[in-house]
Amino acid sequence: MQLAYRTVTAALGAPFRISRSTREDVELIEVELRHGDAVGYGEGAPQDHYGESIGSVQAFLDDAASVLGDDPFALDAIEQRLDELPGEWAARSAVDAALHDLCGKLASIPVWRLLGVRRVGPPTSWTVWLGDPDDMARRAEEAAPRFQRLKLKLGGRDGLDVERVRAVRSVTDRPLMVDVNEYWSLAETLESVPALAELGVEYVEQPLPAGDEGGVELKRRSPLPIYLDEDCHRLGDVAACAERAHGVNVKLAKSGGIREAVRIAHAARALGLGVMLGCMIETGLGISAGCQVASLCDYVDLDGNLLLAQDPWLGVTFQQGVQVPGDGPGLSLCRTEVGTDG
């Protein structure tokens, strides 16, 4: 197999703010795997927060090109060889997606059929990025007709997080979830969650910093389910998460791809945990890879491509609040070339 890659810069439709950063565009890596006349595509979304960058992804892919071999269906063997290279889960996710796309095309079936799972998962939430209460309420009200669920970004560190949720609840009866991105202390979380429960919030995502020892007490005392994102990257993290939370957030870009996401989902189920499927800000290429395993999850947050000014990949369709993958071979996508090459 021959590996090639390129960088793509995709502009957002509006600035996207969470507790630790604000973004107006996103840099991604697009991977192309060629086997004979067939080509598979995948996308990586490296995150500074996890010590990854476009440069580190490129270095990994340069090394990975020589260990892929000639059989795209030898996924276990390829994964074992890639494990000898250090880290870079976003890059691995891109390679993994490209391999699945390639295998699906060679077998002439969609990836979700290749995996033996259902095509359609739960509705995706729409992310209402962090702002003042009135602004978040306005944006939530605008989004509510199109989306069945809303996820609110909190962590403003201004004492207004509960007010943000209250303001949104005043304009919509849609199910609400909140994501704090590690920006609450244990005391602040325990003070806030009862009010959030009264406002009908369904769960709280990553309120404490990753690894915070207060997680065990929080799980015991919280009236709402706690889901962990920054604490849960790989299969080996799931058991520790079960001690401190009620569910985990699986993202292909931090787990290394579809194969590891499936393993995490099954391990979480075995430990009685809920499973959420999340994403980074990605194009339809990255979102399509996530859609292939959405049916294994209780909650889905796959709105990354919907945040873009224009999605350079077509194939995932947004139907009544659900991100639905195509039913053609592989990831069932075509590129429209609206991204900016780096």
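Just above, that's the structure.
Report on the accompanying structure. Please read all numbers here as calculations on a predicted model, not as lab measurements.

**A look at the overall build of the chain**
Now for step 1: Tallying secondary structure elements over the chain gives 12 helices and 16 strands in all.
Now for step 2: Relative to a compact globule of 342 residues, whose C-alpha radius of gyration would be 20 Å, the chain shows 19 Å and is just as compact.
Now for step 3: Within the span of the chain, comprising 342 residues, buried residues form 58% of the whole.
Now for step 4: About 13,400 Å² of surface is accessible on the chain, with carbon and sulfur atoms providing 47% of the total.
Now for step 5: For the chain, the separation between the mean place of its 33 positive charges and that of its 53 negative charges on side chains is 4 Å.

**A short note on the sheet that holds strand β6 (residues 176–179)**
The strands making up a sheet associate through hydrogen bonds between their backbones, and the pairing can be parallel or antiparallel.
Now for step 1: Across the sheet, which stays open at both edges, the eight strands sit in the order β4-β5-β6-β7-β8-β9-β10-β11 with parallel pairing between neighbours. The open sheet has two edge strands with one neighbour each: β4 (125–128) and β11 (299–300).
Now for step 2: Bridge analysis of strand β10 (residues 274–277) against β11 gives two bridges, and the strand direction is parallel. Opposite Met 276, over in β11, you have Tyr 299 as the bridge partner.

**Some remarks on the packing of helix α1 (residues 54–64) against helix α3 (residues 89–107)**
Now for step 1: At a minimum axis separation of 8 Å, α1 and α3 run at an interaxial angle of 50°. One element, α1, and the other, α3, form an angle in the oblique class. In the packing of α1 onto α3, the handedness of the crossing is right-handed. Here Val 57, Phe 60 and Leu 61 of α1 come into contact with α3, specifically with Ala 91, Arg 92 and Val 95.
Now for step 2: Residues belonging to the contact of α1 with α3 are distributed by class as follows: five nonpolar, no polar and one charged.

**What about the nonpolar core?**
Now for step 1: Counting residues in hydrophobic clusters, the biggest one holds 77 residues, and the most contacted among them are Leu 152, Val 165, Leu 196 and Val 204.
Now for step 2: Element by element, the count of residues in this core is highest for helix α11 (residues 258–270), at six residues.
Now for step 3: In terms of nonpolar packing, the next biggest core, distinct from the first, is built from 22 residues, Val 31, Leu 33, Leu 85 and Ala 98 among them.

**Some thoughts on the side chain of Lys 151**
Now for step 1: Within the fold, Lys 151 resides in strand β5 (residues 149–153).
Now for step 2: A polar atom in the side chain of Lys 151 sits 2.6 Å from the side chain of Asp 301.
Now for step 3: Excluding residues that lie within four positions of it along the chain, Lys 151 makes contacts with Ser 125, Trp 126, Thr 127, Val 128, Met 177, Asp 179, Glu 205, Met 276 and Asp 301.

**A closer look at the pairing of strand β2 (residues 22–35)**
Now for step 1: In this sheet, β2 lies alongside strand β1 (residues 2–17) in antiparallel orientation, the contact comprising 12 bridges. Among the inter-strand pairings, Gln 2 is bridged to a residue of β2, identified as Arg 34.
Now for step 2: Joining the antiparallel neighbours β1 and β2 is a turn of four residues.
Now for step 3: By the bridge criterion, seven bridges tie β2 to strand β3 (residues 38–44) in an arrangement that is antiparallel.

**Quick notes on the pattern of salt bridges**
Now for step 1: The full count for this structure, using the stated rule, is 29 salt bridges.
Now for step 2: In this structure, the salt-bridge partner of Lys 105 is Asp 101, at a minimum N-O distance of 3.1 Å. Linking Lys 105 with Asp 101, this pair stays in helix α3, spanning four residues, or about one helical turn.
Now for step 3: Take Lys 105: its relative accessible area is 28%, and that puts it in the partly exposed class.
Now for step 4: Between Glu 260 and Arg 263 there is a salt bridge, with the nearest N and O atoms lying 2.8 Å from each other.

**Brief notes about the packing of aromatic side chains**
Now for step 1: Applying the stated criterion across every chain, the model contains six aromatic pairs.
Now for step 2: Look at Phe 147 and Phe 318: their rings are 4.9 Å apart centre to centre, the planes differ by 45°, and that puts the pair in the tilted class. Separated by 171 residues along the polypeptide, Phe 147 in the loop between α5 (133–143) and β5 and Phe 318 in strand β13 (residues 317–319) bring together distant segments of the chain.
Now for step 3: In this structure an aromatic cluster arises from ring pairing among Trp 126, Phe 147 and Phe 318.
Now for step 4: Looking at Arg 139, its charged tip hangs above the ring of Trp 129, at a distance of 3.5 Å from the centre.

**Brief notes about the environment of Asp 132**
Now for step 1: Here Asp 132 is to be found in the loop between β4 and α5.
Now for step 2: Accessibility expressed as a relative area gives 44% for Asp 132, which makes it partly exposed.
Now for step 3: At 3.1 Å, the side chain of Asp 132 forms a polar contact with the backbone nitrogen of Asp 134.

**Examining the side chain of Glu 30**
Now for step 1: Summarising the element assignment, Glu 30 is placed in strand β2.
Now for step 2: Looking at Glu 30, its side chain comes within polar contact range of the side chain of Trp 313, at 3.4 Å.
Now for step 3: In this view, Glu 30 contacts Ala 4, Tyr 5, Arg 6, Val 8, Tyr 41, Gly 42, Leu 285, Trp 313 and Arg 335; residues no more than four positions away in its chain are not counted.

**Topic: α3**
Now for step 1: For α3, with 19 residues, the first-to-last C-alpha span of 26 Å sits near the 27 Å given by 1.5 Å per residue.
Now for step 2: Trailing α3 by a residue or two, Ser 108 shows a phi angle of about 60°, which is positive.

**Brief notes about the pairing of β10**
Now for step 1: Here β10 shows two buried faces, one formed by Gly 274 and Met 276 and the other by Val 275 and Leu 277.
Now for step 2: In terms of strand pairing, strand β9 (residues 247–250) meets β10 through four bridges, oriented parallel. Of the residues in β10, the one forming a bridge with Gly 247 is Gly 274.

Basis of the calculations
- Residues numbered from 1 in each chain as written.
- Predicted model: local features only at pLDDT ≥ 70, side-chain atom pairs only at ≥ 80, totals over all residues.
- Heavy atoms only, no water.
- Helix = DSSP H or I, 4+ residues; strand = E, 2+ residues; numbered from the N terminus.
- Rg over C-alpha atoms; globule rule 2.2 N^0.38 Å.
- Buried < 20%, exposed > 50% of the residue type's maximum accessible area, 1.4 Å probe, protein only.
- Areas by Shrake-Rupley, 256 points an atom, 1.4 Å probe, with all protein chains shown as cover.
- Lys, Arg positive; Asp, Glu negative; His and termini not counted.
- Charge placed at Lys NZ, Arg CZ, Asp CG, Glu CD.
- Pairing = 2+ DSSP bridges.
- Axes fitted to C-alpha atoms, helices over the stretch in contact; angles between N-to-C directions.
- Parallel < 35°, antiparallel > 145°, perpendicular 65-115°, else oblique.
- Left-handed = near helix turned anticlockwise from the far one by under 90°.
- Contact = heavy atoms within 4.5 Å.
- Nonpolar A, V, L, I, M, F, W, Y, C, P; charged D, E, K, R; others polar.
- Core = buried A, V, L, I, M, F, W, Y, C linked by side-chain atoms within 4.5 Å.
- Polar contact = N/O pair within 3.5 Å; in protein donor to acceptor, adjacent residues only side chain to side chain.
- Salt bridge = Lys/Arg side-chain N within 4 Å of Asp/Glu carboxyl O.
- Phe/Tyr/Trp six-rings, centres within 6.5 Å; stacked < 30°, edge-to-face > 60°.
- Lys NZ or Arg CZ within 6 Å of the ring centre and 35° of its normal.
- Expected span 1.5 Å × (residues − 1).

Such coordinate-based values are descriptive only and should not be taken to indicate function.
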